[in-house]
Amino acid sequence: MKNAFLLLTLCASLASCGSESDKPAAKESYTLADETVPAADSATGANISAVARQPQVDTNATKIGTAPTGGAVAGGAKLIQSADCASCHREAEKLLGPAYKDVAAKYPATEANVSMLAGKIITGGSGNWSDIAMTPHPGLSQKDAEEMTRYILSLK
């Protein structure tokens, strides 16, 4: 009996305790893009007001940076930047290997030349530009090497 009394007392005290969500919302309102929006508290109103002042821009993380920016040529430039090409080549000046612009001047941008030069990127070799051998890149796919070559040949 004593336990039942304690349980009823506890339930009554919990029922009499009101939480903030049980109280009626404040009768404030904020204007949002020509609409009047009632706010539950000042924090919500401030958030609504701040949202109203923000430019409506799609910031979905899955869409950032996915728009095409120039096709295969831009993709080839990104592949070159991520590879070790810059240790021997520059765009406009000879370093250890020829400048990309010199390669573009020597070879027309035909599919046969793209395929041949992509093969040279993968297998390496020497003799075409100087006695210094080009390092082979066997881990590079033919498709990626061709994309890099198209970029290089576009630098005329």
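Our structure is the block above this text.
Fair warning: this is a prediction, and the values are worked out from it, not measured in the lab.

### Notes on the overall build of the protein
When helices and strands are counted, the protein shows six helices and two strands. Moving toward the C terminus, one meets the helices and strands of the protein in the order α-β-β-α-α-α-α-α. In the protein, the proportion of contacts linking residues at least 24 apart, taken out of those at least 6 apart, comes to 43%. On the protein, roughly 11,100 Å² of surface is accessible, and the fraction owed to carbon and sulfur atoms is 60%.

### Some points on helix α5 (residues 111-123)
For α5, with 13 residues, the first-to-last C-alpha span of 18 Å sits near the 18 Å given by 1.5 Å per residue. Its buried side turned inward, α5 meets α4 (100-106) and α6 (142-153). Immediately beyond the C-terminal end of α5, within one or two residues, lies G124, with a positive phi of roughly 75°.

### Notes on the packing of aromatic side chains
All chains considered together, the criterion is met by zero aromatic pairs. Its end group placed over the ring of W129, K106 keeps NZ or CZ at 4.6 Å from the ring centre.

### A closer look at the pattern of salt bridges
Oppositely charged side chains can form a pair if their charged atoms are brought close together. Under the counting rule described, the total for this entry stands at one salt bridge. For R150, the salt bridge is made with E111, and the minimal N-O distance between the two is 3.0 Å. Of this pair, R150 sits in helix α6 while E111 sits in helix α5, and the two are 39 residues apart along the sequence. Note on E111: relative accessible area 53%, which makes it exposed.

### Observations concerning the state of the cysteines
Per the counting criterion, the structure on display carries zero disulfides. Not engaged in a disulfide, the cysteine C88 finds its nearest cysteine sulfur in C85; these two sulfurs lie 8.7 Å apart. Its relative accessible area of 25% is what places C88 among the partly exposed residues.

### Looking at the side chain of T149
Tracing the sequence through the fold places T149 in helix α6. Take T149: its relative accessible area is 2%, and that puts it in the buried class. A distance of 2.8 Å separates the side chain of T149 from the backbone oxygen of A145, its partner in a polar contact. With residues up to four places along the chain from it excluded, the contact list for T149 reads N113, V114, L117, A118 and I121.

### Quick notes on a nonpolar patch on the surface
Residues L95, L96 and I132 make up a contiguous nonpolar surface patch of about 260 Å² in total accessible area. Note on placement: I132 falls in the loop between α5 and α6. We classify I132 as partly exposed; its relative accessible area is 48%.

### Focus: α6
Here α6 contains 12 residues, and its C-alpha end-to-end distance of 16 Å stays within 8% of the 16 Å for a straight helix at 1.5 Å per residue. All buried positions along α6 are accounted for by A145, E146, E147, M148, T149, Y151, I152 and L153.

### Description of the packing of α5 against α6
Following both chains from N to C, one finds α5 and α6 inclined at 115°, their axes separated by 8 Å at the closest point. The handedness of the crossing between α5 and α6 comes out as right-handed. Residue-level inspection shows E111, N113, V114, S115, L117, A118, G119, I121 and I122 of α5 in contact with α6, the latter providing Q142, A145, E146, T149, R150 and L153.

Cut-offs used in this document
Here the residue numbering is sequential within each chain, running from 1 through the sequence in written order. For this predicted model, a pLDDT threshold of at least 70 governs which residues receive local features, and a threshold of 80 or more governs which side-chain atom pairs are given and counted, while totals over whole chains, interfaces and linings are taken from all residues. By convention in this description, side-chain values take in all heavy atoms of the structure and omit both hydrogens and water. The helix and strand labels rest on DSSP assignments: H or I over at least four residues marks a helix, E over at least two residues marks a strand, and numbering proceeds from the N terminus. Should any heavy atoms of two residues lie within 4.5 Å, those residues are considered in contact. Throughout, the Shrake-Rupley method with a 1.4 Å probe supplies accessible areas, and for residues the shown protein chains are the sole cover considered. Helix span is expected to be 1.5 Å times the residue number reduced by one. Pairing of aromatic rings covers Phe, Tyr and the six-membered ring of Trp, with a centre-to-centre limit of 6.5 Å; geometry is then stacked below 30 degrees between planes, edge-to-face above 60, and tilted otherwise. In our convention, an over-ring charge means Lys NZ or Arg CZ found within 6 Å of a ring centre and within 35 degrees of that ring's normal. Salt bridge criterion: a side-chain nitrogen from Lys or Arg within 4 Å of a carboxyl oxygen from Asp or Glu. Three exposure classes are used, based on accessible area relative to the maximum for each residue type with a 1.4 Å probe and protein chains only: buried under 20%, partly exposed in between, and exposed over 50%. Any two cysteine sulfur atoms lying within 2.5 Å of each other are counted as a disulfide. What qualifies as a polar contact is a pair of N or O atoms within 3.5 Å, subject to a donor-acceptor requirement within protein and to the restriction that residues adjacent in sequence count only when both atoms come from side chains. For patches, a residue must show more than 30% relative accessible area and have no salt bridge; joins then use 9 Å for like charges and 5 Å for nonpolar side chains, namely Val, Leu, Ile, Met, Phe, Trp and Tyr. Under this scheme, a helix contributes an axis fitted over its contacting stretch, all axes are lines through C-alpha atoms, and angles between N-to-C directions fall in the 0 to 180 degree range. For any pair of crossing helices, the crossing counts as left-handed if the nearer helix is rotated counterclockwise from the farther one by less than a right angle, and right-handed if it is rotated clockwise.

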